[in-house]
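Each chain, letter by letter, is given below.
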Amino acid sequence: MPPTPTISRRIDVDELLAQLADTRERTLALVAGLSDDDLEKVHDPIMSPLIWDLGHIAAYEDLWLVHRHSGEPHLRGDLAALYDAFETPRAVRGDLALLRRAQCLEYLAEVRERTLAAVERRGIGDGTVHEMVLQHEMQHAETMLQTLELARLASFHAPGRVAVPHAPSDGYTGLELVDVPAGPFVLGAPHDRFSYDNERPRHEVALRGFRIGRTPVTNASWLTFTEGGGYVRREWWSREGWAWKEEYDITCPGGWVSDGHEWSLAGRGPIDPDKPVVHLSWFEADAFARAHGARLPTEAEWEKAATWDQETQAPRGYPWGEDAPAAAHHANVDQLAYGTAPAGGYPAGASPCGALGMIGDVWEWTASAFAGYPGFRAHPYREYSEVFFGSKYRVLRGGSWATRARVATPTFRNWDLPQRRQIFAGVRIATDAED
Ligand code: AVJ
Ligand code: FE
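Just so you know, these numbers come straight off a predicted model, no measurement behind them. Here the residue index of a chain counts from 1 through its sequence in written order. Here chains are named by letter from A upward and ligands by number from 1 upward, in the order in which they appear as written. A pLDDT threshold of at least 70 governs which residues receive local features in this predicted model, and a stricter bar of 80 or more applies before side-chain atom pairs are shown or counted, although totals over entire chains, interfaces and linings include all residues. Each side-chain value is worked out from all heavy atoms of the structure, with water and hydrogens disregarded.

Peer 1: I'm lost on the coordination of the iron ion (ligand 2) in this one. Help?
Peer 2: Six octahedrally arranged donors around a metal ideally form angles of 90 or 180 degrees; four tetrahedrally arranged donors ideally form angles of 109.5 degrees. Counted as coordinating are nitrogen, oxygen and sulfur atoms within 2.8 Å of the metal, or 3.2 Å for Na, K and Ca, while water is not included, which may make sites look incomplete. Listed as protein donors to the iron ion (ligand 2) are His 56 (NE2), His 136 (NE2) and His 140 (NE2); their distances from the metal cover 2.1 to 2.2 Å. Coordination geometry of the iron ion (ligand 2): the 4 donor atoms subtend angles of 91 to 169 degrees at the metal centre, consistent with an arrangement described as irregular. Ordering the donors of the iron ion (ligand 2) by residue number gives the pattern H-x79-H-x3-H. Of this pair, His 56 sits in helix H3 (residues 50-69) while His 140 is found in helix H5 (residues 128-151), placing the two residues 84 residues apart along the sequence. Relative accessibility under 20% of the residue-type maximum defines a buried residue, over 50% an exposed one, and the middle range a partly exposed one, all with a 1.4 Å probe and only protein chains included. Under the relative-accessibility criterion, His 56 is labelled buried at 5%. Its relative accessible area of 12% is what places His 140 among the buried residues. Irregular is the label for any site that misses the other tests, which are tetrahedral for four donors with all angles between 85 and 135 degrees, and square planar for four donors or octahedral for six when opposite donors exceed 155 degrees and the remaining angles lie between 65 and 115. Helical segments are the DSSP runs of H or I of at least four residues, strand segments are the runs of E of at least two, and each set is numbered from the N terminus.

Peer 1: I tried to follow the site of ligand 1 on my own but got confused; where do I start?
Peer 2: Every residue near ligand 1 is listed here: His 136, Gln 139, His 140, Tyr 381, Tyr 384, Asn 414 and Trp 415. We define a polar contact as two N or O atoms separated by no more than 3.5 Å, with the added condition that, inside protein, one atom must be a possible hydrogen donor and the other a possible acceptor, whereas residues neighbouring each other in sequence contribute only through side-chain atom pairs. Side-chain polar atom of His 136 to a nitrogen atom of ligand 1: 3.1 Å apart, as the coordinates give it. Contacts to ligand 1 include His 140, whose side-chain N or O atom sits 3.2 Å from a nitrogen atom. In this description, accessible areas are obtained by the Shrake-Rupley approach with a 1.4 Å probe, and a residue is regarded as covered only by the protein chains that are shown. The protein chains hide 80% of the 350 Å² of surface that ligand 1 would expose on its own. Residues are labelled near a given molecule or strand when at least one of their non-hydrogen atoms is within 4 Å of it.

Peer 1: How do you make sense of helix H6 (residues 219-227) when you look at a structure like this?
Peer 2: It helps to recall that an α-helix has 3.6 residues per turn; residues three or four apart then point in one direction. All of the buried residues in H6 are Asn 219, Ser 221, Trp 222, Phe 225 and Thr 226. Angular distribution of buried residues about the axis of H6 spans 155 degrees; they occupy a single face of the element. Exposed residues pointing more than 90 degrees away from the buried face of H6 are listed as Thr 224 and Glu 227. What the arc covers is the set of directions going from the helix axis to the C-beta atoms.

Peer 1: So what exactly am I meant to see when it comes to helix H7 (residues 239-247) here?
Peer 2: Regarding H7, the residues found buried are Gly 241, Trp 242, Trp 244 and Lys 245. Looking straight down H7, one finds that the buried residues subtend no more than 160 degrees of arc, so they occupy a single side. Every exposed residue of H7 that faces more than 90 degrees away from the buried side is listed here: Arg 239 and Glu 247. Note on contacts: a residue pair is in contact if any heavy atoms of the two residues lie within 4.5 Å. Its buried side turned inward, H7 meets helix H8 (282-291). Downstream of H7 by one or two residues, Asp 249 has phi in the positive range, about 55 degrees.

Peer 1: I keep staring at the environment of Pro 315 and nothing clicks. Help me out?
Peer 2: Turning to its location among the elements, Pro 315 is positioned in strand S9 (residues 314-315). Its relative accessible area of 23% is what places Pro 315 among the partly exposed residues. It is 9.6 Å that separates the C-alpha atoms of Pro 315 and Pro 352, two residues lying 37 residues apart in sequence. Contacts of Pro 315, omitting those with residues within four sequence positions, involve Val 186, Arg 202, Thr 307 and Trp 308.

Peer 1: How should the packing of H6 against H8 be read in this particular structure?
Peer 2: Each pair of packed helices can be described by the angle between their axes along with the distance between the axes. Only the stretch in contact is used when a helix axis is fitted, and all axes are lines through C-alpha atoms; the angle between N-to-C directions ranges over 0 to 180 degrees. Contact geometry of H6 with H8 gives a least axis separation of 11 Å together with a crossing angle of 80 degrees. Relative to H8, the element H6 is oriented roughly perpendicular. Here Ser 221, Trp 222 and Phe 225 of H6 lie close against H8, whose contacting residues are Glu 284, Ala 285, Ala 287, Phe 288 and Ala 291. Residues that form the contact of H6 with H8 fall into these classes: 6 nonpolar, 1 polar and 1 charged. Oblique is the label for any angle not under 35 degrees, not over 145, and not in the 65 to 115 range, which are roughly parallel, roughly antiparallel and roughly perpendicular in turn. Amino acid classes used here: Ala, Val, Leu, Ile, Met, Phe, Trp, Tyr, Cys and Pro are nonpolar; Asp, Glu, Lys and Arg are charged; the rest, including Gly, are polar.

Peer 1: What is the right way to look at the packing of helix H1 (residues 13-32) against helix H4 (residues 101-122) in this model?
Peer 2: At a minimum axis distance of 12 Å, the contact between H1 and H4 shows a crossing angle of 180 degrees. By the angle class used here, H1 and H4 are roughly antiparallel. Contacts between H1 and H4 involve Val 13, Leu 17, Leu 20, Ala 21, Arg 24, Leu 28, Val 31 and Ala 32 from the first element and Arg 101, Leu 105, Leu 108, Arg 112, Leu 116 and Val 119 from the second. Class assignment of the residues belonging to the contact of H1 with H4 gives a composition of 11 nonpolar, no polar and 3 charged.

Peer 1: Honestly, the nonpolar core in this entry has me stumped. Any pointers?
Peer 2: Taken as a class, soluble globular proteins show a tendency for nonpolar side chains to be buried jointly. To qualify as a nonpolar core, a set must consist of buried Ala, Val, Leu, Ile, Met, Phe, Trp, Tyr and Cys residues joined through side-chain atoms within 4.5 Å. Ranked by size, the top nonpolar core spans 53 residues in total, and within it Trp 222, Trp 237 and Val 427 carry the most contacts. Mapped by element, the contributors of at least two residues to this core are H1, H3, H5, H6, H7, H8, strand S10 (363-369) and strand S11 (394-397). In terms of residue count, the dominant contributor to this core is H8 (6 residues). When residues of this core are assigned to domains, at least three map to each of domain 1 (13-151) and domain 2 (177-218 + 276-432). Not counting residues up to four positions away in its chain, the partners in contact with Val 427 are Pro 216, Val 217, Trp 222, Leu 280, Ala 285 and Leu 296. With 35 residues, the next largest nonpolar core counts Leu 108, Phe 156, Ala 402 and Phe 424 among its residues. Each domain's extent is set by a domain assignment, obtained either automatically or from a database.

Peer 1: Whenever I open this one, the domain arrangement of the protein chain confuses me. Can you help?
Peer 2: By a frequent convention, interface size equals the accessible area lost on bringing the separate parts together. Each assigned domain of the protein chain is listed with its residue range as follows: domain 1 (13-151) and domain 2 (177-218 + 276-432). For domain 1 and domain 2, the distance between their C-alpha centres works out to 27 Å. Contacts between domain 1 and domain 2 engage 25 residues on the former and 25 residues on the latter. Taken over both partners, the interface formed by domain 1 and domain 2 buries close to 2300 Å², and the fraction arising from carbon and sulfur atoms is 59%. Accessible area that two parts lose when put together, with a 1.4 Å probe and added across both, is what the buried area reports. Counting the surface domain 1 buries against domain 2, the share from its top three residues, Phe 86, Glu 142 and Leu 145, is 23%. A pairing counts as a salt bridge when a side-chain nitrogen of Lys or Arg comes within 4 Å of a carboxyl oxygen of Asp or Glu. Scanning the region where domain 1 abuts domain 2 turns up 3 salt bridges. With a shortest N-O distance of 3.5 Å, Arg 404 and Asp 22 are connected by a salt bridge. Those elements that provide at least two residues to the side of domain 1 that touches domain 2 are H1, H3 and H5.

Peer 1: Sorry, what's going on with the environment of Thr 307 here?
Peer 2: Mapped onto the secondary structure, Thr 307 falls in helix H9 (residues 299-307). Between the C-alpha atom of Thr 307 and that of Gly 321, which follows or precedes it by 14 residues, the distance is 7.9 Å. Thr 307 has contacts with Phe 185, Ala 314, Pro 315, Arg 316, Pro 352 and Pro 410, leaving out every residue within four places of it along the chain.

Have a look at this one:
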């Protein structure tokens, strides 16, 4: 058994408190302009009402920081089950008597007061559970953005939208490949800082040489695929993927509409050919790769392309080498641009092998099923990963424009079912090395 991970790189209390406050401000800004109806209704059958996410954020903090970390009774033990992801699954969240807006905001604020009082009194220990609660709220903000994207509310105005400078597109299509030589690679998060249990333990894997897309696949390439029979040619699809496509009559990525001769984004105008294609299912990503004589990268290949430094024979903390989360010139994360940016637009964020946009913009589907690394141990939140291991879920890597920089590390593993398209997910292709 690997030892229980401890955080030797201490999480700074002041920084953590500032992040908690900033993240809460962003969460509240997301819903501030919405009507009560838009806050409470089910916009899409696979998503929770937004107000459930809010209550769940509060309940999670109540459980982990008020109750478990501080040893106090829950502020609202009576709400624990209602806002627990497993006891109250998504399918029923629309039918419940949830807290209304005012009570829900009060619940969030009161839990936070207790959290802060407890930090005063007892500190944050090694910081693990506080970091986990912080990143939990960050992750739910992305979930809420997915709901808002599916809802296409005319009344929703993205808070804090700024234009992020990026280099003009260099004409990348997503079909240009870079080489990654054969050799060992170290997969997973270092144990001296916060990571989720599913990123541990760090271990060596031997990989053959492979090639991987310099950028994610662009809308231009996807249009060519669509117009070239992408959704018609049986031989490009897996059996499962074809059955899904037929059953739901899928003819384009999520959010595209056609007026009979031109594709556009539902309610949001023309499709930018230079931006990465987004809202793909794993099935579509897989079909596109096959249609191009390629395949999806495994997650080990993806992480090697993002981090492996051939010179030092060691992984970098981030593709750009520094041991620091993405800044505005490295990657399109943190909801800065409020949408995707043209592929290859962040040359300062290039990985050692020359791949661009590994972090941010769009999540990238991998070939890999979600499983524990050898020696996996659930810690400290058993229901975070372990219950999803198995053949059903596929791994996505790299984060999207909507992912907070603190979450979007190159070792972070996201997962979902292969038919899901609510994620801001696109595709980067790979092939075996030519020899
Ligand atoms: C890591 C995005 C798959 O939303 O199901 C939030 C994150 N876990 N609350 C999810 C999560 C518990 C998780 N994903
Ligand atoms: Fe959650």
